[in-house]
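Notes for the structure review
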Amino acid sequence: MKNYNLKFKIIISSIFIFLFLPLVAKGAILYFEPSKGEYHLGDTFIVDLRVDTEEECINTVKVIVAFPKEILEAKDFSTGNSILSLWLESPKIDQKEGLISFVGGIPGGFCGPLPGEPEKPNLFGRIIFKVKEITGGQFSGKLNFLEGSQVLLNDGFGTPAKLTLKEAVFTILPEKLEVPKGEWQEELAKDDIPPEPFEIKISQDPNIFGGKYFIVFSTTDKQTGIDHYEVKEGKKNWKRTESPYLLEDQSLKSIIKVKAVDKAGNERIVEYLPPQKPFPWWIAILFGGLIILGSGYLVYKKLKFKNKTSK
Amino acid sequence: MLKRMLFILTFIPFLVFAQTSSQDLFISAKVNFRPLPSPPSGGGGGGGAFMPSVVPSIVLQGKAYPGAKINILIDGKLITIINADSLANFKAEIPNITPGIYTLSLWAEDKDGRKSITVSFTVSVRSGVITTISDIFLPPTIDLDKFSVARGEKLNIFGQTAPESKITISVASSEIIKETKATKYGEWKYELDTSPLEEGSHNTRAKAETPEGLSSSFSRVLTFYVGKYEAKEICPRADFNKDGKTNLIDFSIMLYWWGKYNPCVDQNQDGIVNLPDFSILLYYWTG
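Quantities reported herein were computed from a predicted structural model and do not represent experimental measurements.

1. What to know about the nonpolar core
- Membership of the largest hydrophobic core comes to 123 residues, with the highest contact counts inside it found for Ala64(B), Leu106(B), Ile133(B) and Leu281(B).
- Residues contacting Ala64(B), with those up to four places away along its chain left out, are Ile70(B), Ala84(B), Ala88(B), Phe90(B), Ala108(B) and Leu138(B).

Structure below.
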């Protein structure tokens, strides 16, 4: 009887695996590009973080990447040409732990490239690595997406997509080139276009900042990506900050400027002019009243003078 | 043995449903790239004649609902609103685009002010090329005449789509599929008999297919209750500041409450503002 049970379980499991596993396993694949490569000491190279949605529509991404901190230094993270336009947690590099993480989203979702699209618009971001100048021969290191990485479907419920995580392997050769490879420097040199136009929105909500006025702003850069934002209120100095920004001048009398700076140093500055307040109504009434009183007094005086002269 | 068979029969529909539901999220449209006409070269000899620069542009065309207001967003920011014609067709051109990857999103408002979900397309825009996204068909709008019904009571499900389209209505948790046809003005309505439904919460959504064969993805999902349950929606559509839009300000409110609890921002009511809440906000994004 026990044997019969075991056989039954194996047969049923096999039927399920062969018939349904390809259907159930459908989901997002997170991968690196290139997935392998050879670099020399001192080289700077770029690794793309990409997604294959496998016909799912996704809208939220949480990524944690582990890199070999002993041989690679993560110099920067570029959001240029990323499909993610809202960053809930900006890309963060932790060189000490060898981790890179971010949380981003796509308003309205991303369902993969459209039929007829020759390129691969599926980039989350690009990691810029520099090979450390270490001794001891040839090394190899792996890049991994960690288990905490998540991709959520654009279904209105925040359903997690089934994830397949792929790794990349890099070989570090023991010698140094006369002119080390500098992929990122080449990208920076090419970028002379400022970040995309954007606007500043001012708001007030009892839910945040104790109901005080704050501004929101966001933009993208299609080449090397946004590096940072700066805010200037009136004659005060530029201040490096993020959105939302709590205004110091709660009277809203100052001109607010926001500067978006890309990785190559190109800037776009936008302004918010405080609304012109209408002339206070009580001054208008007072002024009108004084004119009427004054005119009345003059008429009275004139009549009095007339009466005097007629007498 | 019977128990085992029941186990198999219960799981097969579940697995098949999981497959179909993932496909239902997919949006159909196509993209085409056409080189811009090059400016006339040389000739004239007059010297100093102004030549317009050849900058890429994006064209969006498809169907929504007759007279619908179509909101167009680039990378989540509202850039223009256009109107569909009486046959529900629309066409918009976005000039002067810097080459790069863009997410174009669209949502429509029907004649009664009902909003569709936002659909997005990610495309690469290249120098000197017109990028055309065609065959877009926005999902139908959907509404209910009531959100709580007694079992056996009729529930009217209605909305708007392209004229004379076939509407497929799906009701879950009991998977019920019903069909109806839109009028020549795009209005559609279905009277659902709630007798076969269990007491409790149910979801409904609809998708459309035009007479020419364009298929939309599913509309937004509406929840209704059969029996003594009551529908209570706190901060629907992730509109935290209740200004009728889901945009950067709501995103900022979410950032403020990230990792904490706020009954309004915690859209899935799991006790913390976290990743699923962010996903729900992006689903309802209007720019």
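2. Some words on the packing of helix α2 (residues 248-257) of chain B against helix α3 (residues 275-283) of chain B
All names here are of chain B.
- Contact pair α2 / α3: the axes reach a minimum separation of 11 Å and the direction vectors enclose 175°. On the basis of their axis angle, the class for α2 and α3 is roughly antiparallel. Residues Asp 250, Phe 251 and Met 254 of α2 touch α3, and the partners they reach there are Asp 277, Phe 278 and Leu 281.
- When the residues that make up the contact of α2 with α3 are grouped by side-chain class, the tally is four nonpolar, no polar and two charged.

3. Points about the sheet that holds strand β14 (residues 187-193) of chain B
All names here are of chain B.
- Pairing within the open sheet is antiparallel, and its three strands lie in the order β9-β11-β14. With partners counted over all chains shown, the strands left at the sheet margins are β9 (143-144) and β14, one partner each.
- Bridge count for strand β11 (residues 154-160) against β14 is seven bridges, and the pairing is antiparallel. The residue of β14 that forms the bridge with Leu 155 is Leu 192.

4. Notes on α3(B)
- Extensive coverage of α3(B) is indicated by the burial of nine of its nine residues.
- Within α3(B), the full set of buried residues consists of Leu275(B), Pro276(B), Asp277(B), Phe278(B), Ser279(B), Ile280(B), Leu281(B), Leu282(B) and Tyr283(B).
- Contacts made by the buried residues of α3(B) are with β4 (58-66), β6 (86-94), β7 (99-110) and β10 (150-153) of chain A together with α2 of chain B.

5. Details of the confidence of the model for chain B
Residue and element names in this part refer to chain B.
- The predicted model of chain B averages 85 in pLDDT, with 82% of residues at 70 or higher.
- Contacts of residues 1-23 to residues separated by more than four positions or lying in other chains number eleven contacts, the stretch itself having pLDDT below 50.
- Segment residues 42-53 is flagged for pLDDT under 50; beyond a separation of four residues in sequence, or across chains, it makes three contacts in the model.
- The ipTM for the predicted assembly is 0.80, set against a pTM of 0.81.

Cut-offs applied
Residues numbered from 1 in each chain as written. Chains lettered and ligands numbered in written order. Predicted model: local features only at pLDDT ≥ 70, side-chain atom pairs only at ≥ 80, totals over all residues. Core = buried A, V, L, I, M, F, W, Y, C linked by C-beta atoms within 7 Å. Buried ≥ 20, exposed ≤ 12 C-beta atoms within 10 Å, placed from the backbone. Contact = placed C-beta atoms within 7 Å. Axes fitted to C-alpha atoms, helices over the stretch in contact; angles between N-to-C directions. Helix = DSSP H or I, 4+ residues; strand = E, 2+ residues; numbered from the N terminus. Parallel < 35°, antiparallel > 145°, perpendicular 65-115°, else oblique. Nonpolar A, V, L, I, M, F, W, Y, C, P; charged D, E, K, R; others polar. Pairing = 2+ DSSP bridges. pLDDT = per-residue confidence, 0-100.

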